[in-house]
Amino acid sequence: MACAKVPLDELHVTEPFGPQGKERTLPALVVFDESLQRCLDSYLRHAPRGLDPSGLSSSPAVADMQRNIHRFVFMVFLRMATHKESKENFITPAVFAEIIYNNYLFDIPKILDLCVLFGKGNSQLLHKMIENIFTQQPSYYGDLNETIPSIIQVFDIILQKCGIQSENTGNSQPLKLNANKCLTAMAMPEEELADLVLYMCDTCTTIHSFLDTFPEACSTFKQHNFLNRLSSFYEMAVPDLEKAVKKRNFNKSLQEDMWRRISHSRKKMVEIAHLLLQHTCLQPILEGSENMVSYVEDLLQNFTAFLQEKRFLADYDEQFPIADDISLLQQAFPHLDDTRTSYLLQGVESSWESVGKKRSFPSSANHSAGAKSKTGRDLAVSQKEGAGVLEDREELRGAEAMTDIPHKELESLLSSIRDLLPDLGEGFILACLEEYGYNSELVINNILEDKLSPSLDKLDKAMASLPDSGG
């Protein structure tokens, strides 16, 4: 049976206000309830992340309570980011934007934490939520622009802590008098090295979660030359940290934990690079943008810049074969310079050889021709990335709708939708659940985006029961 990945159930986020029992909108409630603000902020800061070993309690009862709290917190933030309350007590977009921004109900660190904690299971709703925040209050783009240099500085700090100097780290901060006594990853105290690995892992995971959830932010990261800074950091820091974790004599469990976090960081850095290239170069090419030549040139320049970062380039090519992208470019832009692409693909092969990696698939040069038909299919999927997820789910709708839904489960699904959209009648919600295979996340997403099917759009949204039969 299909159900929401993270059910949002049994949470009531409107409260009676005044002698007439009128509802006050949730953002306004949070503004005047400082204890709730502190509670939400504390949860975002301290809730366990995916790699934390003791994420859930070994006690089933406590673990169940943790899951419920997790759902409730997400539900509150989702309602806070929605200005479509009841028809009688609504917030205009302008007032909503002023409330959430001036009272710090949302800021960039909170949005980053939300993506880490809730992005995997609620990607569509979370994207809709963040998109609404940035659309209604464009000042958040300015805040993001000011935050990115601080994120880049994290990389510089890690390099400095490892005793690695680069052009960027040398220019970011003045040289201290005791700089020559800087420790290396091989010599620093065990606890400090563990903290450094954790710091890197948390940063990379957070950035990836944010860009994966809200790819509209990729262009802002690009403006800060983030891709080059990322690949350069990878090339300098990863081998140093891996060597320290391998060769130093650590407690076995600590060593395994650090190695797992370094491996996770490597994967996320490569995926961040791919997200940035995909949404700032590849996607515009696939969509046939007017300035296609500039996007093609930008992509080739980025790949060429990777040639000096051989470890990063080999690892990137292993996850996302560059030959596939070159083949894609050849299809979209037939006038591509073959000499230039051949030089690039040879550089990719050289990077594999220089770091001693062995391929489990054909080399880039041989792989390029065979990749053309494959990338052509991938292109079509990539162009419909957002709609494709919904289409895939709707294909399963018929089979899922035939499943008998237990009464308790059905009540949970109804509650999760009513909590977010209290004006909807139970009959209308049941009709939506039947239409969309009892997937509450899909129902909420389609209602918020005004993408309901014509048959549902004709119904009275306040109807208390189904016209013909119960759900």
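Residues numbered from 1 in each chain as written. Predicted model: local features only at pLDDT ≥ 70, side-chain atom pairs only at ≥ 80, totals over all residues. Heavy atoms only, no water.

## Things to note about the overall build of the protein
Selection criterion: Runs of E in the DSSP output that reach at least two residues are strands. Runs of H or I that reach at least four are helices, and both are numbered from the N terminus. For every residue, the accessible area (1.4 Å probe, protein chains only) is compared with the maximum for its type, and the residue is labelled buried under 20%, exposed over 50%, or partly exposed between those bounds. The contact criterion used throughout is that any non-hydrogen atoms of two residues lie within 4.5 Å. All accessibility values rest on the Shrake-Rupley procedure with a 1.4 Å probe; residue burial counts only the protein chains present in the view.
Counting secondary structure elements, the protein contains 23 helices and 2 strands. Burial analysis of the protein (471 residues in total) assigns 49% to the buried set. Partitioning the contacts of the protein with sequence separation of at least 6, the portion at a separation of at least 24 is 75%. For the protein, the computed accessible surface area is about 23,400 Å², with 52% contributed by carbon and sulfur atoms.

## Remarks on helix α21 (residues 426–435)
The buried fraction of α21 amounts to 7 of the 10 residues, a majority that puts the element mostly inside the structure. Where α21 is buried, its residues contact α20 (407–420), α22 (440–448) and α23 (454–457). With its phi angle positive at about 65°, Gly437 sits one or two positions after the end of α21.

## Focus on the nonpolar core
Put simply, the test is: For this analysis, a nonpolar core means a set of buried residues of the types Ala, Val, Leu, Ile, Met, Phe, Trp, Tyr and Cys, connected via side-chain atoms within 4.5 Å.
Residues Phe106, Phe210, Leu211, Phe221 and Phe226 are the most contacted members of the largest nonpolar core, which totals 129 residues. The leading source of residues in this core is helix α12 (residues 252–286), at 13 residues. With residues near it in sequence (within four places) discarded, Phe210 still touches Ile111, Leu112, Cys115, Leu144, Ala217 and Phe221.

## Some remarks on the packing of helix α7 (residues 139–161) against helix α9 (residues 190–213)
The relative placement of two packed helices is expressed as an angle between their axes plus a distance between the axes. Selection criterion: Geometry is summarised by axes, namely lines fitted to C-alpha atoms with helices restricted to the contacting stretch, and by angles between N-to-C directions that run from 0 to 180 degrees. Reported orientations rely on four angle classes, namely roughly parallel under 35 degrees, roughly antiparallel over 145, roughly perpendicular from 65 to 115, and oblique for the rest. The sense of a crossing depends on the near helix, which, turned anticlockwise from the far helix by less than a right angle, makes the crossing left-handed and, turned clockwise, makes it right-handed.
Relative to each other, α7 and α9 sit at 150°, their axes nearing to 11 Å. It follows that α7 is roughly antiparallel to α9 by the angle criterion. As α7 packs across α9, the resulting crossing turns out to be left-handed. Across the interface between the two elements, Leu144, Ile151, Val154, Phe155, Ile157, Ile158 and Lys161 of α7 pack against Glu192, Leu196, Tyr199, Met200, Thr203, Ile207 and Phe210 of α9.

## Digging into unusual backbone geometry
The phi torsion of most residues other than glycine is negative, and most of the peptide bonds are trans. The phi angle at Tyr104 is positive, at roughly 55°, despite the residue not being glycine. Take Tyr104: its relative accessible area is 55%, and that puts it in the exposed class. Positioned with a positive phi, Asn225 is a non-glycine residue whose angle comes to about 55°. Residue placement: Asn225 occurs in the loop between α10 (218–222) and α11 (226–247).

## Thoughts on helix α16 (residues 338–354)
For the record, the criterion: Here the expected length of a helix is defined as 1.5 Å per residue gap, with one fewer gap than residues.
When the terminal C-alpha atoms of α16 are compared, their 24 Å separation across 17 residues agrees well with the 24 Å that a helix rising 1.5 Å per residue should span. Of all the positions in α16, only Thr341, Leu344, Leu345, Gly347, Val348, Glu349, Ser351 and Trp352 are classed as buried. Following α16 by one or two positions, Gly356 has its phi on the positive side, about 75°.

## Describing the environment of Phe312
Within the element layout of this structure, Phe312 appears in helix α14 (residues 310–319). According to the relative accessible area criterion, Phe312 is buried, its value standing at 0%. The sequence separation of Phe312 and Val270 amounts to 42 residues, and the corresponding C-alpha distance is 7.7 Å. Not counting the four nearest positions on each side in its chain, Phe312 is found in contact with Ser231, Tyr234, Glu235, Met269, Val270, Ala273 and Phe306.

## Some words on the packing of aromatic side chains
Rules: For Phe, Tyr and Trp, where Trp contributes only its six-membered ring, two rings pair if their centres lie within 6.5 Å, and the inter-plane angle classes them as stacked under 30 degrees, edge-to-face over 60, or tilted in between.
Within the structure shown, the criterion is met by 19 aromatic pairs. Ring geometry for Phe155 against Phe233: centres 4.5 Å apart, planes inclined by 25°, an arrangement best described as stacked. A residue pair is termed long-range when its members are at least 10 positions apart, and Phe155 in helix α7 and Phe233 in helix α11 qualify at 78 residues. An identical accessibility class is assigned to Phe155 and Phe233; each is buried. When the centroid spacing of 5.6 Å and the interplanar angle of 45° are considered together, the rings of Tyr316 and Phe320 count as tilted. Three or more aromatic residues link up through ring pairs in this structure, and these residues are Tyr101, Phe134, Tyr140, Tyr141, Phe155, Phe210, Phe214, Phe221, Phe226 and Phe233.

## What to know about the pattern of salt bridges
Inclusion rule: When a carboxyl oxygen of Asp or Glu is within 4 Å of a side-chain nitrogen of Lys or Arg, the pair counts as a salt bridge.
For the structure on display, the rule yields 17 salt bridges. Arg266 is the partner of Glu242 in a salt bridge, and the nearest nitrogen-oxygen pair spans 3.2 Å. Here Glu242 is found in helix α11, whereas its partner Arg266 is found in helix α12, with 24 residues between them in sequence. When sorted by exposure, Glu242 lands in the same class as Arg266, which is buried. For Arg418, the salt bridge goes to Glu426, with nearest N and O atoms at 3.5 Å. Residue class for Arg418 comes out partly exposed when judged on its relative accessible area of 27%. Several salt bridges converge on common partners, so that one network encompasses Glu242, Arg266, Arg311 and Asp315.

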